[in-house]
Amino acid sequence: MKVKSTKIKPIQSYSTTPVALFIFSNFSLALRGIHFITTVIRDFFINQFARKFGFIKTPVAKVDNELDEKIPFTPSKIGTYLDFTAFWLRPLTMLLFKLGPKKAKPYIDEFLKKITLAYKSAGRVYKMCMSTTARPRYYKMFYFRVIHFFDPHYLCVPSLHISVVSLVWSFYRKAFSEIEELTEEEKSVYLKEIYNGAIKIAETVLYIKQHSVNCIPAALYMMTFLMKPYFTAEDGIQFLKDMFVNTSIPVKDQKELKDYMYFIYERFLLVGITDGNWIVPIKAWLKEYCIASGQAYIAKKIR
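Residues numbered from 1 in each chain as written. Predicted model: local features only at pLDDT ≥ 70, side-chain atom pairs only at ≥ 80, totals over all residues. Heavy atoms only, no water.

(A) Representation of the nonpolar core. Judged by nonpolar contacts, the single largest core of 106 residues is most densely connected at W88 and M243. The element best represented in this core is helix α5 (residues 101-128), accounting for 12 residues. The residues touching W88, leaving out its near neighbours within four places in the chain, are F36, F111, L112, I115, V164, V168 and Y172. (Core = buried A, V, L, I, M, F, W, Y, C linked by side-chain atoms within 4.5 Å. Buried < 20%, exposed > 50% of the residue type's maximum accessible area, 1.4 Å probe, protein only. Helix = DSSP H or I, 4+ residues; strand = E, 2+ residues; numbered from the N terminus. Contact = heavy atoms within 4.5 Å.)

(B) Inspection of the pattern of salt bridges at higher detail. Enumeration according to the criterion identifies 17 salt bridges in this entry. In the salt-bridge network here, residues are joined through shared partners; they are K70, K252, D253 and E256. (Salt bridge = Lys/Arg side-chain N within 4 Å of Asp/Glu carboxyl O.)

(C) Representation of the packing of aromatic side chains in the model. For the structure on display, the rule yields 24 aromatic pairs. Cluster of aromatic residues (ring-pair linked, three or more members): F36, W88, F111, Y119, F171, Y172, F176 and Y190. A cation over an aromatic ring shows up here: K9 above the ring of Y14, its NZ or CZ 4.3 Å from the ring centre. Cation over ring: K77 sits above Y207, and NZ or CZ is 4.8 Å from the ring centre. (Phe/Tyr/Trp six-rings, centres within 6.5 Å; stacked < 30°, edge-to-face > 60°. Lys NZ or Arg CZ within 6 Å of the ring centre and 35° of its normal.)

(D) Examining empty space enclosed by the protein more closely. Inspection of every chain in the model, using the stated rule, returns 1 cavity of 30 Å³ or more. Computed from the structure, the largest cavity encloses a volume of approximately 30 Å³. In this structure, the largest cavity is lined by F73, R135, P136, F144, I147, H148, I208 and Q210. Considered class by class, the residues forming the lining of the largest cavity number 5 nonpolar, 2 polar and 1 charged. (1 Å grid on protein atoms, 1.4 Å probe; cavity = no way out; pocket = protein on both sides within 12 Å on 5 of 7 lines; lining within 4 Å. Points joined across faces, edges and corners; volume = space filled by probe spheres on them. Nonpolar A, V, L, I, M, F, W, Y, C, P; charged D, E, K, R; others polar.)

(E) Region of the structure containing a nonpolar patch on the surface. A grouping of F24, I34, I37, I41, F45, I46, F149 and F150 is seen on the molecular surface, where their side chains present a nonpolar patch of about 770 Å² in accessible area. Counting only elements with at least two residues in the nonpolar patch, the list comes to α2 (27-52) and α6 (142-150). The dominant element in the nonpolar patch, judged by the number of residues it contributes, is α2, at 5 residues. Looking at the secondary structure, you find F45 in helix α2. (Patch = residues over 30% accessible without salt bridge, like charges linked within 9 Å, V, L, I, M, F, W, Y side chains within 5 Å. Areas by Shrake-Rupley, 256 points an atom, 1.4 Å probe, with all protein chains shown as cover.)

Written out as C-alpha cells, the structure reads:
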C-alpha cells in the first residue's frame with residue numbers, strides 16, 4: 001500500500017470526456033452505457049411527458065411541505081444543481097487515469113450497473129404514483145428555462161439527485177477499501193471531496209425548489225436498501241445531519257427541517273423492516289400524505 005504524501009489533483013479538475021469516450025469505445029461498457037441511457041429516457045423523460053400530454057393516467061401527488069418555505073429560493077445555486085451528471089462521471093475519469101483502463105473497467109462497469117438500478121428502482125415508484133411540488137415561475141436565467149422545458153416536474157419522490165449522490169459516496173467508500181493503487185491520503189481527500197459535493201447538491205435541490213423536504217428522506221431510504229450494506233441507516237442519518245451546516249438559514253429553522261427529515265426517514269426504515277419490499281413504505285406514505293393534505297382522490301388512484 002502506498003503511503004507517500006503527494007500533491008493531490010482534485011476530482012473537480014478531471015474532465016468527463018475521457019471516461020465517456022472509454023465507455024463507448026469498449027463493447028461491454030458501451031452496452032452498459034446504452035442500457036443506462038435508455039433507462040433514463042424511458043423512466044425519466046418518456047414517462048413524464050407521457051403523463052404531461054395525457055397518454056398515461058398515473059396519479060400525480062403534490063408533496064410540498066410548509067417547511068419548504070424556510071428554505072429561500074436561491075437561483076444562483078443552479079450551477080451546482082446542473083453539475084449533477086458531471087459529479088458522478090468525474091470520479092470515473094479519475095479512476096481511469098489512476099488505475100489504467102484494465103483495472104478501472106470493473107469499477108466503471110459496476111457503477112453503471114448501480115446507477116441504472118437506482119433509476120429503475122425510482123421508476124417503479126413513479127409508475128405507481130408520480131409526485132410534484134410548486135416551482136417558482138422563474139425564467140430570468142437560461143438554465144431555468146431549460147429545466148422548465150425538459151423537466152415536467154412529476155418525479156419528486158424519491159429524488160434521483162439524492163439517490164445518485166448518495167450512491168456515488170457509498171460506492172467510492174467501498175471501492176477505495178479495495179483499491180491499492182491510491183494512497184491513504186488520496187482516498188481520504190477524494191472521499192471528503194465527494195461527500196461534500198453530495199451534500200451541496202442535496203441542499204441545492206431544495207434551494208432551487210426542484211424538490212421538497214419529503215423527497216430527500218425517501219431517496220435515502222431507497223438507497224439504504226439498494227446499497228445494503230454499504231449505505232446504512234446511520235449513513236442516512238449522518239447525511240441529513242450534515243446538510244445546511246454552512247447556511248444563512250436560522251438555526252431554529254435548520255433544526256425543524258432536519259428533525260422532520262429524520263422522522264420521515266426513520267419512519268420509512270421502521271415500516272420497511274417488517275416488509276421485504278422496500279417500495280411498500282413509500283406507497284403507504286404517499287397515500288397517507290395525500291389524504292392528510294386534502295388529496296384523497298389521488299390516494300384512491302394509487303395502486
